Amino acid sequence: MNVRTQNLLCACQKLEGIQNKSDPWRPEFHVSPPVGWMNDPNGLCQIGDTHHLFFQYSPFDTKPGLNYWGHFSTRDFVHYTYQEPALCSDEQFDCHGVYSGSVLVENGQPLAFYTGNVKKVGAYDYVEEGREHNTILAQGWDGCHFHQKTLLLRNEDYPENVTCHVRDPKVWKEQDTYCMVLGARRKDDVGEVLFYQSTDLLHWELKNSLVTEKPLGYMWECPDYFVLDGVSVLTFSPQGVPADGFRFQNIYQSGYCVLHGDIGGDYTLSEFRELDAGFDFYAPQTYQDEQGRRILIGWLGMPDSDYGYAEKAYGWTQMQTIPRVLSVRDGALYQQPLPELQALRRSAFRIQVEESSEMRCAPAYETDIRVEEGDHLTLRFGTDGVLEWKDGMVTLSFGESGLGRTSRTAPLEQLKRIQLFCDTSSIEIFLNDGALVFTSRFYADPVASVFSVAVQKAEFIMWELQPISIRKENLL
Ligand code: FRU
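Basis of the calculations
- The residue numbering used here restarts from 1 in each chain and proceeds along that chain's sequence as written.
- Local features are withheld for residues below a pLDDT of 70 in this predicted model, meaning they are given only at 70 or higher, and side-chain atom pairs are given and counted only at 80 or more; totals for whole chains, interfaces and linings count all residues.
- The side-chain quantities take in all heavy atoms of the structure and omit both hydrogens and water.
- The helix count covers DSSP runs of H or I at least four residues long, the strand count covers runs of E at least two residues long, and both are numbered beginning at the N terminus.
- When we talk radius of gyration, it's over C-alpha atoms, and the globule rule is simply 2.2 Å times the number of residues to the 0.38.
- Burial status follows relative accessibility: with a 1.4 Å probe on protein chains alone, a residue under 20% of its type maximum counts as buried, one over 50% as exposed, and anything between as partly exposed.
- Methods summary: accessible areas were calculated by the Shrake-Rupley approach with a probe of 1.4 Å, and residue burial reflects only the protein chains presented.
- Following DSSP output, two strands are said to pair if at least two bridges run between them.
- Fitted lines through C-alpha atoms give the axes, limited to the stretch in contact for helices. The angle between two N-to-C directions lies from 0 to 180 degrees.
- Remark: nonpolar core denotes a set of buried residues (Ala, Val, Leu, Ile, Met, Phe, Trp, Tyr, Cys) joined through side-chain atoms within 4.5 Å.
- What marks off one domain from the next here is an automatic or database domain assignment.
- Salt-bridge detection follows one rule: a side-chain nitrogen of Lys or Arg within 4 Å of a carboxyl oxygen of Asp or Glu.
- Distances are taken per atom, and a residue is near a molecule or strand as soon as one of its heavy atoms is within 4 Å of it.
- N or O atoms within 3.5 Å of each other form a polar contact, as long as, within protein, one can give a hydrogen and the other can take it, and as long as residues adjacent in sequence are counted only when both atoms are side-chain atoms.
- Under the scheme applied, nonpolar residues are Ala, Val, Leu, Ile, Met, Phe, Trp, Tyr, Cys and Pro; charged residues are Asp, Glu, Lys and Arg; polar residues are all the others, including Gly.
- Put simply, two rings from Phe, Tyr or Trp (the six-membered ring, in Trp's case) pair if the centres are within 6.5 Å, and we call them stacked under 30 degrees between planes, edge-to-face over 60, tilted for the rest.
- Residues form patches when they are more than 30% accessible in relative terms and have no salt bridge. Like charges link within 9 Å. Nonpolar side chains (Val, Leu, Ile, Met, Phe, Trp, Tyr) link within 5 Å.
- Positive residues here are Lys and Arg, negative ones are Asp and Glu, while His and the chain termini are left out of the count.
- Charge coordinates come from a single atom per side chain, which is NZ of Lys, CZ of Arg, CG of Asp or CD of Glu.
- Contacts were defined at the residue level, with two residues in contact if any of their heavy atoms lie within 4.5 Å.
- What counts as buried area is the accessible surface, traced by a 1.4 Å probe, that two parts surrender upon association, with contributions from both included.

Got a minute to help me understand the overall build of the protein chain in this structure?
Counting its regular elements, the protein chain contains one helix and 33 strands. The C-alpha radius of gyration computed for the protein chain amounts to 22 Å, which stays within 12% of the reference 23 Å derived for 476 residues, consistent with globular compactness. Summarising its shape, the C-alpha atoms of the protein chain cover approximately 65 × 50 × 45 Å along the three principal directions. A buried classification covers 60% of the 476 residues belonging to the protein chain. Here the protein chain has roughly 18900 Å² of accessible surface; of this, 46% comes from carbon and sulfur atoms.

Just to check I follow, could you spell out the sheet that holds strand β7 (residues 131-141) for this structure?
Sheets are built from strands paired through backbone hydrogen bonds, the pairs being either parallel or antiparallel. Here we have four strands laid out as an open sheet, ordered β5-β6-β7-β8, and antiparallel in their pairing. Because the sheet does not close on itself, it has two edges, and the strands there are β5 (98-106) and β8 (146-153). Looking at each pair of strands side by side, their axes are set apart by 30 degrees on average, direction ignored. In the sheet, β5 pairs with strand β6 (residues 109-119) via seven bridges, with the strands oriented antiparallel.

Please explain unusual backbone geometry as it appears in this structure.
Glycine aside, residues mostly have negative phi angles, and peptide bonds mostly take the trans form. Despite not being glycine, Phe248 has its phi angle at roughly 55 degrees, a positive value. Here Phe248 shows up in the loop between β14 (231-239) and β15 (255-261). Positioned with a positive phi, Gln318 is a non-glycine residue whose angle comes to about 80 degrees. With respect to the helices and strands, the residue Gln318 is situated in the loop between β20 (316-317) and β21 (324-329). Under the relative-accessibility criterion, Gln318 is labelled buried at 1%.

Hey, could you run me through the nonpolar core in this one?
Note on soluble globular proteins: their nonpolar side chains tend to be buried together. Ranked by size, the top nonpolar core spans 49 residues in total, and within it Ile418, Leu431, Phe438 and Phe451 carry the most contacts. A total of six residues in this core trace back to one element, the largest contributor, which is strand β32 (residues 450-465). Counting the residues that make up this core, at least three belong to each of domain 1 (3-338) and domain 2 (339-471). Formed by 31 residues, the second largest nonpolar core is a distinct cluster that contains Ile295, Ile322, Ala364 and Phe421.

What am I meant to see in the sheet that holds strand β9 (residues 162-174) here?
Taken together, the four strands give an open sheet; going across it, the order is β9-β10-β11-β12, and neighbouring strands pair in antiparallel fashion. At either margin of the open sheet sits one strand with a lone partner, and together these are β9 and β12 (205-210). Adjacent strand axes in the sheet meet at a mean angle of 25 degrees, parallel and antiparallel pairs treated alike. Where β9 and strand β10 (residues 177-186) come together, eight bridges link them in antiparallel fashion. Its bridge partner being in β10, Glu174 is matched across the sheet by Thr177.

What exactly am I supposed to notice about the pattern of salt bridges here?
Two side chains of opposite charge can pair, provided their charged atoms sit close to one another. The tally for this structure, following the rule as stated, stands at 24 salt bridges. In this structure, Lys207 and Glu205 form a salt bridge, with 3.6 Å as the shortest nitrogen-oxygen distance. On the basis of relative accessible area, Lys207 is assigned to the partly exposed category, the value being 35%. Arg417 is the partner of Asp368 in a salt bridge, and the nearest nitrogen-oxygen pair spans 2.7 Å. Of this pair, Asp368 sits in strand β24 (residues 364-373) while Arg417 sits in strand β29 (residues 417-423), and the two are 49 residues apart along the sequence. An identical accessibility class is assigned to Asp368 and Arg417; each is buried.

Sorry, what's going on with the site of the ligand here?
Around the ligand sit Asn39, Asp40, Gln56, Asn67, Tyr99, Ser100, Arg167, Asp168, Glu221, Cys222, Tyr282 and Trp299, and that is every residue in its neighbourhood. A distance of 3.3 Å is found between an oxygen atom of the ligand and a side-chain nitrogen or oxygen belonging to Asp40. Contributing elements (two or more residues each) for the shell around the ligand: β1 (36-47), β5, β9 and β13 (219-228). Tallied by class, the residues present in the shell around the ligand amount to four nonpolar, four polar and four charged.

How should I be thinking about the packing of aromatic side chains in this particular structure?
The way to describe two aromatic rings as a pair is by their centre distance and the angle between their planes. Taken as a whole and judged by the stated rule, the model has 30 aromatic pairs. Between the aromatic rings of Trp172 and Tyr225, the centroid separation amounts to 5.2 Å while the plane-to-plane angle is 35 degrees, which identifies the pairing as tilted. Placement of Trp172 in strand β9 and of Tyr225 in strand β13 is noted, with a sequence separation of 53 residues between them. The pair Trp172 / Tyr225 is uniform in exposure class, with both members buried. By way of ring pairs, the aromatic residues Phe54, Trp69, Tyr114, Trp141 and Phe146 are connected into one cluster.

What exactly am I supposed to notice about a negative patch on the surface here?
A surface patch of like charges, here negative, comprises Glu354, Glu355, Glu372, Glu373 and Glu459. At the level of secondary structure, the elements contributing two or more residues to the negative patch comprise β23 (345-360) and β24. For Glu372, the position within the fold is in strand β24.

Is there a simple way to explain the environment of Met38 in this structure?
By the element assignment, Met38 lies in strand β1. Spatially, the C-alpha atoms of Met38 and Lys390 are 36 Å apart, while their sequence positions differ by 352 residues. Not counting the four nearest positions on each side in its chain, Met38 is found in contact with Val31, Ser32, Pro33, Phe55, Gln56, Phe72, Trp299, Thr317, Gln318, Met319 and Gln320.

Is there a simple way to think about the domain arrangement of the protein chain in this case?
Frequently, the measure chosen for interface size is the accessible area that the parts lose on association. If you check the domain split of the protein chain, you get domain 1 (3-338) and domain 2 (339-471). Of note, the centres of domain 1 and domain 2, computed from C-alpha atoms alone, are 28 Å apart. A combined buried area of about 4200 Å² lies between domain 1 and domain 2, and 59% of that area is made up of carbon and sulfur atoms. It is Glu28, Phe29 and Phe279 that lose the most area in domain 1 upon contact with domain 2, and together they represent 19% of the buried surface on that side. Counting across the interface, domain 1 meets domain 2 through five salt bridges. We note a salt bridge from Glu340 to Arg293, for which the minimum N-O separation is 2.7 Å. Among the elements of the structure, β4 (79-87), β21 and β22 (332-337) are those that each provide at least two residues to the side of domain 1 that touches domain 2. The element contributing the most residues to the side of domain 1 that touches domain 2 is β22, with five residues. The residue makeup of the side of domain 1 that touches domain 2, split by class, is 29 nonpolar, twelve polar and ten charged.

Right, dumping it as structure tokens:
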């Protein structure tokens, strides 16, 4: 039995978990793995009228293992199709995992670029020795799998000063030139991004190494690059950045620098800004849809953290964030929930909050709060989740329901609007139209959960949200 068939059987046998009503942590409107472990989003793209979300997927266990590219697709972000993995390890150059990467759509056909992970057997440190990170092109898409793999770059093709850790290609096209960024760990333990170009997709030439003025961690994972409203943005997920006051509180970070100048020549990177101030947000990727929107999806989790993920008891773990539309204001990225999610809204409940209001809530809901008066606000959700704004700072905190998630703080002078998406065991909070976002998992007793808001005066709407539907296809 080959690995793909094994995986398929495993996924089929356990897929009923998707409907397992006794699982209190399964999200209603977030994408989560049928079984096993999911990590970051890969290959986000739109082909025709269909959006594709591939993801790092290790179906055999609730921890990372031999990673596949799992696959969901959707036309409307309400009805999804789940198919068996699109990529698996079936070559020597990717035998220990088809790691993260991206999809370039050329003439209506997806071309996948990913990292083939190889771990040699021996007494290696797996940083300077013992690991291959191969850059691979996969094509020959049949609507479900990529059939033809071509090895593009091996470790010996990367610059001398980098370790074996060079991965997560993001590819895009500028006029007739193909461009690629790769995340890398230098031998002197400085994270950077390698920038390559190609005219034929097969031969790639190194054009630049992108670093911040001062080193920022030892490794940059999952880089992405795009120009939005005339601003050039390099996003990446650095590892090894020490905490600095309320900044960089998680074990790993995700954020962006604005790139001034020429990505292939003289450039400077602005100060690094985190994309999220919560506990569970990592390795986001973006794509441009056919309407021209720059859509971001992140991994709603935190690798190597000591937070609890209670759904492991039900045979699955991790999920993706809701899709978010990016825009630039005053040189900073703003994130807004994708408008298509409004189709999930049911039974609106509107009130004018004067001082405070408390209500019961469904397991999956959205709120939109417009603050009219007040210089502080306290919002409570679940059993002990609190979002508090006072003295120009916002704090998200949990008691027991946080399973190790305590508190995270970020500065915010004025609070005008809170858009909040709560989905059973996750919360995404967009403040001031997405200028500041907090994303987190939490595990509150659904029966004891309430929602309350205390502020001098605010307009408040809450919608119960219906679940997305997931259809299985091509599972033999
Ligand atoms: C991000 C990441 C990537 C890598 C993948 C492996 O979390 O570590 O750098 O390609 O996950 O699953």
